[in-house]
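Chain by chain, the residues run as shown.
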Amino acid sequence: MMDCWHTLSVACVRPKHLTTGQVHSNQDIVLGCTSSHPPFLRYNYKSIALSMFNTSTSISACSSARPPPPHHAIDDAGTSGNSTTLGCEKVTSSYLWLFVLAGNLLRGIGESPIMPLGMSYIDDFATEENSAFYIGTVRSCGMFGPTLGFLLGAFCASLWVDIGLVDVDTLIINSKDVRWVGAWWLGFLICGAVSIMASLPFWFLPSTLPKQGEEGVVKRSSEVNGIAKEKNGKMETPKQTQLKVSGAVTEFFLALKKLLGNIIFLVFLLINILQYNSMVGLITYESKFMEQQFNVSVSKAIFLIGVIILPITIVGMFLGGLLVKKFKLNIMGMAKFACITFLTAYVLNWVYFVCNCEVLQVAGLTVNYSGIREPSFVKEKWWSTCNSDCGCEANHWDPVCGDNGITYMSACLAGCKASVGTGKDMVFHNCSCVGAAGPANLSAVLGQCPRDHCAKAFPYFVTLLSICAFIICLGATPMYMVLFRSVSPDLKSFAVGIETLCGRILGGLPAPIYFGALIDKTCLKWGTKTCGGSGSCRVYDTVAFRNIYLGLILALRAGCCFLYIVLFILIRKQFKQDKEMNATKSIDGPPIKLPVSDKNKGEPSCMEMTVHEDTYF
């Protein structure tokens with residue numbers, strides 16, 4: 001469901017020369033209107049097998065005919081209703097992306113109060129020993145949402161985008177093909193309806209709750225300082241003090257100054273920003289990494305993340321809160337626990353590089369037509385003597401797998417001169433380029449060649465990823481409690497709000513951009529749209545992809561490791577100072593009791609002079 005909103009055109013008439021399911025793009029989605037279906041998505045893809053779907057006549061992919069004009073030598077193109085075979089007319093731009101933008105803005109506004117106010121709400125009305133357990137439980141339950149979301153995403157990604165408009169049995173490609181587009185739009189409809197229903201219980205929450213163990217105190221206090229007071233035999237409600245805008249702005253900046261003056265909070269904030277960057281980058285491109293590195297479909301990758309990895313993170317968060325409650329850890333213990341778990345997970349992250357997978361062998365890209373690996377991608381090597389007389393479209397991507405284990409960008413570039421079968425069962429024969437790489441049957445089938453070695457390493461990668469996720473999440477709840485214990489109680493909600501805001505703006509927004517930009521540098525073969533411009537990536541350099549993707553995550557987490565150590569040192573120093581201060585006060589003896597005059601009989605016989613310690617540890 002990622003990268004779901006691409007170029008939208010507003011053509012309502014499907015060209016007669018295109019059959020249902022035939023297309024030129026995996027990124028351009030076209031709105032279609034028919035008499036039997038409402039206006040909806042219309043997506044097509046281009047394949048040689050489509051043109052021969054209803055015939056058993058043998059075709060020759062390699063033809064000596066002159067290649068078509070440059071703007072038709074494509075594999076990635078949007079097709080509008082008024083496009084013709086003789087020219088290129090750009091489709092009308094669409095503003096439907098504004099609805100997606102507005103929807104996400106409204107969703108963000110609705111989600112914003114939940115974390116800063118909800119977590120502070122729990123911490124305010126729970127005892128100190130139960131607070132971490134409750135917060136860990138809530139955050140663990142919150143992970144069920146992403147778990148169900150990944151399962152829903154896997155289901156939607158396995159469905160063809162044009163649900164009800166296309167017979168799935170007529171599709172030539174499957175979910176492992178890079179041209180496959182799942183039903184990305186279905187998830188928005190389901191999640192929107194569920195979000196509306198989930199918001200209803202918030203209307204029934206009380207504005208305040210008695211703190212655990214202090215119900216009686218609250219009741220007696222309410223009798224003295226209750227909302228209603230009796231005056232002259234009548235009940236009067238005290239007037240609510242109205243805060244002026246100027247006063248609110250002043251208080252905001254004073255609170256912000258006090259919060260940013262807390263060095264422990266600042267270090268915590270920097271850790272949170274770096275963790276946001278690494279986590280958002282990891283989640284955004286994890287499924288693509290699995291697809292390219294281990295030759296699994298996107299739907300299967302998303303399903304495994306939702307079924308295996310996210311439940312393990314839920315267990316880790318829950319156990320982290322339970323351990324804080326069980327051992328009654330103070331802020332010093334929680335910081336030490338979080339630091340140890342994160343450093344352990346960081347060391348295990350380096351093992352990711354062991355899970356290596358070779359680059360897909362594509363003739364003219366990663367290997368030459370003799371099967372020898374090429375050090376770099378050179379366009380001129382798309383051609384060879386075995387296909388020089390075929391007149392192929394150089395930019396067309398309709399891969400076939402030769403019997404020699406090498407993938408060719410199209411049956412034409414493989415030099416295939418005959419075929420048998422129809423649709424997805426089509427087999428090409430007499431492929432001259434297949435024989436150029438060594439003894440073979442000179443035949444090829446539709447699709448990329450499988451990489452069996454990569455598939456065998458995939459279970460080990462998932463196991464390692466699950467272990468690292470569990471260890472990191474084990475220290476997540478104790479680390480979150482450090483935030484509450486390191487700031488003033490009246491600034492807890494504000495601190496969580498600043499932490500969430502900075503994390504999402506400085507971590508959630510830029511991470512997908514620079515992760516994606518660097519990953520795009522590893523692309524070996526770009527699709528080309530009809531009217532110019534790059535489409536989606538067809539083949540990645542999997543080694544460079546792995547090094548950049550995992551290297552970025554490790555670099556960000558290396559910064560987190562350093563800041564974790566700094567945070568622990570600062571908390572230990574502060575904790576030691578507070579302990580020495582308390583020891584000094586205890587040496588001075590018990591509170592001094594001063595006698596009172598006899599005229600105050602009936603009152604306490606003495607008064608105690610005590611000192612309240614202004615500390616949050």
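Our structure's up above, just so we're on the same page.
On a predicted model such as this, the values are computed, not experimentally measured, just so you know.

### Quick notes on the overall build of the chain
For step 1, the next point in the chain: When helices and strands are counted, the chain shows 17 helices and 14 strands.
For step 2, the next point in the chain: Residues counted as buried form 42% of the 617 residues belonging to the chain.
For step 3, the next point in the chain: Taking contacts inside the chain between residues at least 6 apart in sequence as the whole, the part at least 24 apart equals 70%.
For step 4, the next point in the chain: When the accessible area of the chain is evaluated, it comes to approximately 32800 Å², of which 64% is carbon and sulfur surface.

### Things to note about the side chain of Asn277
For step 1, the next point in the chain: Position of Asn277 among the secondary structure elements: in helix α9 (residues 263-294).
For step 2, the next point in the chain: Asn277 gets classed as buried once you look at its relative accessible area, which sits at 6%.
For step 3, the next point in the chain: Reaching out from Asn277, the side chain makes a polar contact with the side chain of Tyr514 at a distance of 2.7 Å.
For step 4, the next point in the chain: Sequence-distant contacts of Asn277, that is, excluding residues within four places in its chain, are made with Leu506, Gly507, Pro510, Ala511, Tyr514, Phe515 and Leu556.

### Notes on the packing of aromatic side chains
For step 1, the next point in the chain: Counted by the stated rule, this structure contains 22 aromatic pairs.
For step 2, the next point in the chain: Judged by centre distance (5.6 Å) and plane angle (50°), the ring pair of Tyr352 and Phe461 falls under tilted. Remark: Phe461 occurs in helix α13 (residues 452-474) and Tyr352 occurs in the loop between α11 (331-349) and β6 (400-402); sequence separation between them is 109 residues.
For step 3, the next point in the chain: Of the residues examined, Tyr352 reaches a relative accessible area of 7% and is grouped as buried.
For step 4, the next point in the chain: Three or more aromatic residues link up through ring pairs in this structure, and these residues are Tyr285, Phe289, Phe294, Tyr352, Phe458, Phe461, Tyr514, Phe515, Tyr540, Phe545 and Tyr549.
For step 5, the next point in the chain: The residue whose ring lies beneath Lys325 is Phe133, and the NZ or CZ to ring-centre distance is 6.0 Å.

### A closer look at unusual backbone geometry
For step 1, the next point in the chain: The phi torsion at Asn295 lies on the positive side, around 60°, for a residue other than glycine.
For step 2, the next point in the chain: In this structure, Asn295 sits in the loop between α9 and α10 (298-327).
For step 3, the next point in the chain: In this model, Asn430 sits at a positive phi of 55°, which is unusual for a non-glycine residue.
For step 4, the next point in the chain: Considering the arrangement of structural elements, one finds Asn430 in the loop between β9 (427-429) and α12 (432-436).

### Quick notes on a nonpolar patch on the surface
For step 1, the next point in the chain: Together, Tyr95, Trp97, Leu98, Leu101 and Leu105 make up an exposed nonpolar region whose accessible area comes to about 550 Å².
For step 2, the next point in the chain: With respect to the helices and strands, the residue Leu98 is situated in helix α2 (residues 97-111).

### Comments concerning the state of the cysteines
Chemically, a disulfide is nothing more than a covalent bond linking the sulfur atoms of two cysteines.
For step 1, the next point in the chain: Tallied over the entire structure, the rule returns six disulfides.
For step 2, the next point in the chain: In this model Cys392 forms its disulfide with Cys412; the gap between the sulfur atoms is 1.9 Å. One disulfide, between Cys392 and Cys412, carries an S-S torsion of -90° and so falls in the left-handed class. With Cys392 in the loop between α11 and β6 and Cys412 in the loop between β7 (407-408) and β8 (418-420), the pair connects residues that are 20 residues apart, well separated along the chain.

### Looking at the sheet that holds β6
For step 1, the next point in the chain: Spatially, five strands are ordered β7-β6-β10-β9-β8 in an open sheet, and the strand pairing comes out antiparallel. The sheet is open, and its two borders are formed by β7 and β8, each paired with just one other strand.
For step 2, the next point in the chain: The pairing of β9 with strand β10 (residues 444-446) spans two bridges and is antiparallel. Bridged to Phe428 within β10 is Ala444.

### Considerations on the packing of α10 against α13
For step 1, the next point in the chain: For the pair α10 and α13, the least separation of the axes is 7 Å and the interaxial angle reads 25°. It follows that α10 is roughly parallel to α13 by the angle criterion. When you trace α10 past α13, the crossing you get is right-handed. Listed contacts from α13 to Leu304, Ile308, Ile309, Ile312, Thr313, Val315, Gly316, Met317, Leu319, Gly320 and Leu323 of α10 are Phe458, Val462, Leu465, Ser466, Ala469, Phe470, Cys473 and Leu474.
For step 2, the next point in the chain: In terms of residue class, the contact of α10 with α13 is built from 15 nonpolar, four polar and no charged.

### Details of the nonpolar core
For step 1, the next point in the chain: Counting residues in each nonpolar core, the largest one holds 43 residues, and the members touching the most others are Leu259, Phe265, Tyr564 and Ile571.
For step 2, the next point in the chain: Every element with two or more residues in this core is listed here: α3 (114-125), α4 (128-142), α8 (245-260), α9, α11, α14 (476-486), α15 (492-508) and α17 (542-587).
For step 3, the next point in the chain: Here Leu259 is in contact with Phe265, Val487, Leu491, Phe494, Ala495 and Ile498, once residues within four sequence places are set aside.

### Brief notes about the packing of α4 against α14
For step 1, the next point in the chain: In contact at an axis separation of 10 Å, α4 and α14 are set at 125° when each is read in the N-to-C sense. Of the possible angle classes, the one that applies to α4 and α14 is oblique. In this structure, α4 crosses over α14, and the sense of that crossing is right-handed. In this structure, α4 contributes Glu128, Ser131, Ala132, Ile135, Gly136 and Arg139 to the contact, and α14 contributes Ala476, Thr477, Tyr480, Met481, Phe484 and Arg485.
For step 2, the next point in the chain: Residues of the contact of α4 with α14, tallied by class, amount to six nonpolar, three polar and three charged.

The rules we used
Residues numbered from 1 in each chain as written. Predicted model: local features only at pLDDT ≥ 70, side-chain atom pairs only at ≥ 80, totals over all residues. Heavy atoms only, no water. Helix = DSSP H or I, 4+ residues; strand = E, 2+ residues; numbered from the N terminus. Buried < 20%, exposed > 50% of the residue type's maximum accessible area, 1.4 Å probe, protein only. Contact = heavy atoms within 4.5 Å. Areas by Shrake-Rupley, 256 points an atom, 1.4 Å probe, with all protein chains shown as cover. Polar contact = N/O pair within 3.5 Å; in protein donor to acceptor, adjacent residues only side chain to side chain. Phe/Tyr/Trp six-rings, centres within 6.5 Å; stacked < 30°, edge-to-face > 60°. Lys NZ or Arg CZ within 6 Å of the ring centre and 35° of its normal. Patch = residues over 30% accessible without salt bridge, like charges linked within 9 Å, V, L, I, M, F, W, Y side chains within 5 Å. Salt bridge = Lys/Arg side-chain N within 4 Å of Asp/Glu carboxyl O. Disulfide = S-S within 2.5 Å. Pairing = 2+ DSSP bridges. Axes fitted to C-alpha atoms, helices over the stretch in contact; angles between N-to-C directions. Parallel < 35°, antiparallel > 145°, perpendicular 65-115°, else oblique. Left-handed = near helix turned anticlockwise from the far one by under 90°. Nonpolar A, V, L, I, M, F, W, Y, C, P; charged D, E, K, R; others polar. Core = buried A, V, L, I, M, F, W, Y, C linked by side-chain atoms within 4.5 Å.

Just geometry here; none of it tells us what the structure is for.
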